[in-house]
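# Examination of the molecular architecture
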Amino acid sequence: MDSDNRKMKLEVLIQQKLDREPAILDREEYFNSVVLMLLIKIEGEYHFIFQKRASTIRQGGEVSFPGGKYEESDKTYEYTALRETSEEMGIAENKITILGSLGTLVGPMGVIIDTFVGITDISIDHIQANPDEVEKIFTVPVEYFIKNQPERYYATVQFHPSHTDEKTKQEIVSFPADILGLPEGYKKPWGKRKYSILVYKTQEEMIWGLTAKLIDNFVKKIMQ
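Figured I'd write up the structure that's included with this text. This structure is a prediction, so every number in the text was calculated from the model and none was measured. (Residues numbered from 1 in each chain as written. Predicted model: local features only at pLDDT ≥ 70, side-chain atom pairs only at ≥ 80, totals over all residues. Heavy atoms only, no water.)

On to a nonpolar patch on the surface. Taken together, Leu10, Leu13, Ile14 and Leu18 make up a surface patch of nonpolar side chains, about 370 Å² in accessible area. You can see Leu10 is positioned in helix H1 (residues 3-17). For Leu10, a relative accessible area of 49% gives the class partly exposed. (Patch = residues over 30% accessible without salt bridge, like charges linked within 9 Å, V, L, I, M, F, W, Y side chains within 5 Å. Areas by Shrake-Rupley, 256 points an atom, 1.4 Å probe, with all protein chains shown as cover. Salt bridge = Lys/Arg side-chain N within 4 Å of Asp/Glu carboxyl O. Helix = DSSP H or I, 4+ residues; strand = E, 2+ residues; numbered from the N terminus. Buried < 20%, exposed > 50% of the residue type's maximum accessible area, 1.4 Å probe, protein only.)

Here it is in structure tokens:
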């Protein structure tokens, strides 16, 4: 095969293999999770349903929407959202209507959140949250977030080429920049990227972090 034919074959192969829309690369290196921003109608007004995570689980005491890790056995991301909501809040999947996808949020700590918005027609009093995962549930009117901007703070995100082992207290070098012959700046923490942290102060609980970012994006999308 001559050079021109090889180039043509490569071009055809690239067109066959690449997607038409951008996708997240190296997705398997992240913690892939799915969240359902669940709405409920109370006295004619739409509310978000939130949960305060049980103190005995990861990120205990924090406020979040129902959701969790995407499992390989899950048929779709939407399936994960429904499954996790049913497990955490005790709401049957057939009692939830998915309204659409808000999008995908990539967090600074290595987490990807595929986000759906849904609504349930059951009464708030009939929600039986799983006490092993949820300390309590509460609602906040969507109108509150439309009328109130979140407070905005900042943290610094850095890459660290080494860490201290919790048991031995010895330094573990995970990225040997000196052996690799990389510039001096990579032998110590680098990056110093400023990352915004949003906070909503509601009467019920402090809603902050990635949950607050999802709300902020939701409001921007529906109000544009």
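The next thing to look at is the packing of aromatic side chains. Using the criterion set out here, one finds 13 aromatic pairs in the structure. Relative to Phe138, the ring of Phe50 has its centre 5.5 Å away and its plane inclined at 25°; by these criteria the two rings are stacked. Remark: Phe138 occurs in strand S7 (residues 134-141) and Phe50 occurs in strand S2 (residues 45-53); sequence separation between them is 88 residues. A single burial state applies to Phe50 and to Phe138, both of which are buried. The structure contains a cluster of three or more aromatic residues connected by ring pairs, namely Phe48, Phe50, Phe65, Phe138, Tyr144, Phe145, Tyr200 and Phe218. Over the aromatic face of Tyr154 sits the side chain of Lys194, whose NZ or CZ is 4.5 Å from the ring centroid. (Phe/Tyr/Trp six-rings, centres within 6.5 Å; stacked < 30°, edge-to-face > 60°. Lys NZ or Arg CZ within 6 Å of the ring centre and 35° of its normal.)

What follows deals with the sheet that holds strand S11 (residues 190-201). Spatial strand order, S8-S11-S12: three strands in an open sheet with antiparallel pairing. Of all the strands in the sheet, just strand S8 (151-159) and strand S12 (206-208) have a single pairing partner and so form its edges. Mean inter-strand twist for the sheet, computed between neighbouring axes without regard to direction, equals 30°. By the bridge criterion, three bridges tie S11 to S12 in an arrangement that is antiparallel. Within S12, the residue paired with Val199 across the bridge is Trp208. This element, helix H4 (residues 209-223), spans S8, S11 and S12 of the sheet and lies at about 70° to S11. (Pairing = 2+ DSSP bridges. Axes fitted to C-alpha atoms, helices over the stretch in contact; angles between N-to-C directions. Contact = heavy atoms within 4.5 Å.)

Attention now moves to the layout of surface pockets. Taken as a whole, the largest pocket holds about 910 Å³ of empty space. Lining the largest pocket are 35 residues, with Arg58, Gln59, Glu62, Ile113 and Leu210 positioned closest to its centre. Going through the elements one at a time, strand S1 (31-42), strand S3 (63-64), strand S4 (67-69), helix H2 (77-89), strand S6 (111-120), S8, S11 and H4 are the ones with two or more residues in the lining of the largest pocket. Among the elements that make up the lining of the largest pocket, the one with the highest residue count is H4 (five residues). The residue inventory of the lining of the largest pocket, partitioned by class, reads 17 nonpolar, 10 polar and eight charged. Quantified by volume, the second largest pocket comes out at close to 240 Å³. Every residue along the wall of the second largest pocket is listed here: Glu29, Tyr30, Val106, Gly107, Pro108, Gly110, Val157, Gln158, Phe159, Gly191 and Arg193. Broken down by secondary-structure element, the contributors of at least two residues to the lining of the second largest pocket are S8 and S11. In terms of residue count, the dominant contributor to the lining of the second largest pocket is S8 (three residues). A breakdown of the residues in the lining of the second largest pocket according to their chemical character gives five nonpolar, four polar and two charged. (1 Å grid on protein atoms, 1.4 Å probe; cavity = no way out; pocket = protein on both sides within 12 Å on 5 of 7 lines; lining within 4 Å. Points joined across faces, edges and corners; volume = space filled by probe spheres on them. Nonpolar A, V, L, I, M, F, W, Y, C, P; charged D, E, K, R; others polar.)

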